[in-house]
Amino acid sequence: DAMVIQNPRYQVTQFGKPVTLSCSQTLNHNVMYWYQQKSSQAPKLLFHYYDKDFNNEADTPDNFQSRRPNTSFCFLDIRSPGLGDAAMYLCATSRDKGTAYEQYFGPGTRLTVT
Amino acid sequence: AQSVAQPEDQVNVAEGNPLTVKCTYSVSGNPYLFWYVQYPNRGLQFLLKYITGDNLVKGSYGFEAEFNKSQTSFHLKKPSALVSDSALYFCAVRDERTSGSARQLTFGSGTQLTVLP
């Protein structure tokens with residue numbers, strides 16, 4: 001089945017120790033998104049890629065970076081995690097950037113910062 | 001600016017009874033409306049969307065939603081609730097006419113649905 005895969009599902013890192021979360025998709029979608037979700041709140045968009053075109057949300061901290069080496073993979077890098085960065089991180093894709101397209105989400109990576 | 005409101009943090013319903021999860025929106029142009037469901041420790045799953053056409057939209061797992069332009073609402077409904085429907089439900093909106101970052105989805109705060117056996 002075509003899907004969005006996130007690894008690992010659970011990640012524990014130490015305060016200030018860089019961490020990378022990964023996302024892959026078999027849907028061949030052009031757009032990939034990274035969201036942060038805390039405590040069953042609404043997901044907060046961090047950034048998205050339309051193909052190789054990177055789009056950062058204005059309020060996304062510089063501590064968060066992303067890479068998309070090819071259509072299938074996208075990475076979220078947190079350079080110096082703080083306690084406030086503990087959250088569920090959701091990767092999503094959509095076929096294209098038109099506003100009518102729904103998004104398909106991965107299962108998420110729950111990040112714990114100790 | 002676009003926004004969406006889910007006025008109820010929690011909805012409880014007995015199994016077999018009809019359920020409604022409420023959503024209202026605000027956009028400048030025409031709305032594109034979506035419902036997603038999230039089970040514990042999982043990502044969001046797409047349920048249904050309204051883009052244009054028939055105001056009653058049918059989606060996955062027996063859910064449907066009715067678009068009401070005059071009331072700016074897009075309530076999620078199901079005729080007979082199941083215990084397995086218990087989850088967190090998010091309504092989301094996009095304005096058809098926006099561009100740039102504003103083209104992104106705006107999510108509501110979520111409604112926790114609990115179906116009691």
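Scroll up to find the structure.
Residues numbered from 1 in each chain as written. Chains lettered and ligands numbered in written order. Predicted model: local features only at pLDDT ≥ 70, side-chain atom pairs only at ≥ 80, totals over all residues. Heavy atoms only, no water.

*Asks:* Explain the pairing of strand 9 (residues 87–94) of chain A to me, and be specific about the residues and the numbers.
*Replies:* Consecutive side chains along a regular strand alternate between the two faces of the sheet. All names here are of chain A. With eight of eight residues buried, strand 9 lies mostly within the body of the structure. Of the two faces of strand 9, both are covered, the one formed by Ala87, Tyr89, Cys91 and Thr93 as well as the one formed by Met88, Leu90, Ala92 and Ser94. Sheet topology places strand 4 (residues 31–37) next to strand 9; seven bridges connect them, and they run antiparallel. Counted as the bridge partner of Val31 is Ser94 from strand 9. By the bridge criterion, three bridges tie strand 9 to strand 11 (residues 109–113) in an arrangement that is antiparallel. Within strand 11, the residue paired with Met88 across the bridge is Arg110. Here two bridges tie strand 9 to strand 10 (residues 104–105), and the two strands are oriented antiparallel to one another. Bridge assignment links Ala92 to a residue of strand 10, and that residue is Phe105. (Buried < 20%, exposed > 50% of the residue type's maximum accessible area, 1.4 Å probe, protein only. Helix = DSSP H or I, 4+ residues; strand = E, 2+ residues; numbered from the N terminus. Pairing = 2+ DSSP bridges.)

*Asks:* An account of the interface of chain A and chain B is requested, with residue identities and associated values reported.
*Replies:* Facing the 25 residues of chain A at the interface are 23 residues of chain B. Counting the surface lost from both chain A and chain B, the interface buries some 1,900 Å², and carbon and sulfur atoms represent 52% of this. Area buried by chain A at its contact with chain B is led by A:Thr99, A:Glu102 and A:Phe105, which between them contribute 30% of it. Counting across the interface, chain A meets chain B through one salt bridge. Taken together, the connections running from chain A to chain B amount to eight residue pairs in polar contact (both at pLDDT 80 or more). (Contact = heavy atoms within 4.5 Å. Buried area = accessible area lost by both parts, 1.4 Å probe. Salt bridge = Lys/Arg side-chain N within 4 Å of Asp/Glu carboxyl O. Polar contact = N/O pair within 3.5 Å; in protein donor to acceptor, adjacent residues only side chain to side chain.)

*Asks:* Break down the layout of surface pockets for me, with residues and values.
*Replies:* Estimates place the volume of the second largest pocket at around 220 Å³. Together, 17 residues line the second largest pocket, and A:Gln37, A:Ser40, A:Arg110, B:Gln38 and B:Asn41 are the ones closest to its centre. For the lining of the second largest pocket, the secondary structure elements donating two or more residues are strand 9 and strand 11 of chain A together with strand 10 (87–95) of chain B. Broken down by class, the residue content of the lining of the second largest pocket amounts to eight nonpolar, six polar and three charged. (1 Å grid on protein atoms, 1.4 Å probe; cavity = no way out; pocket = protein on both sides within 12 Å on 5 of 7 lines; lining within 4 Å. Points joined across faces, edges and corners; volume = space filled by probe spheres on them. Nonpolar A, V, L, I, M, F, W, Y, C, P; charged D, E, K, R; others polar.)

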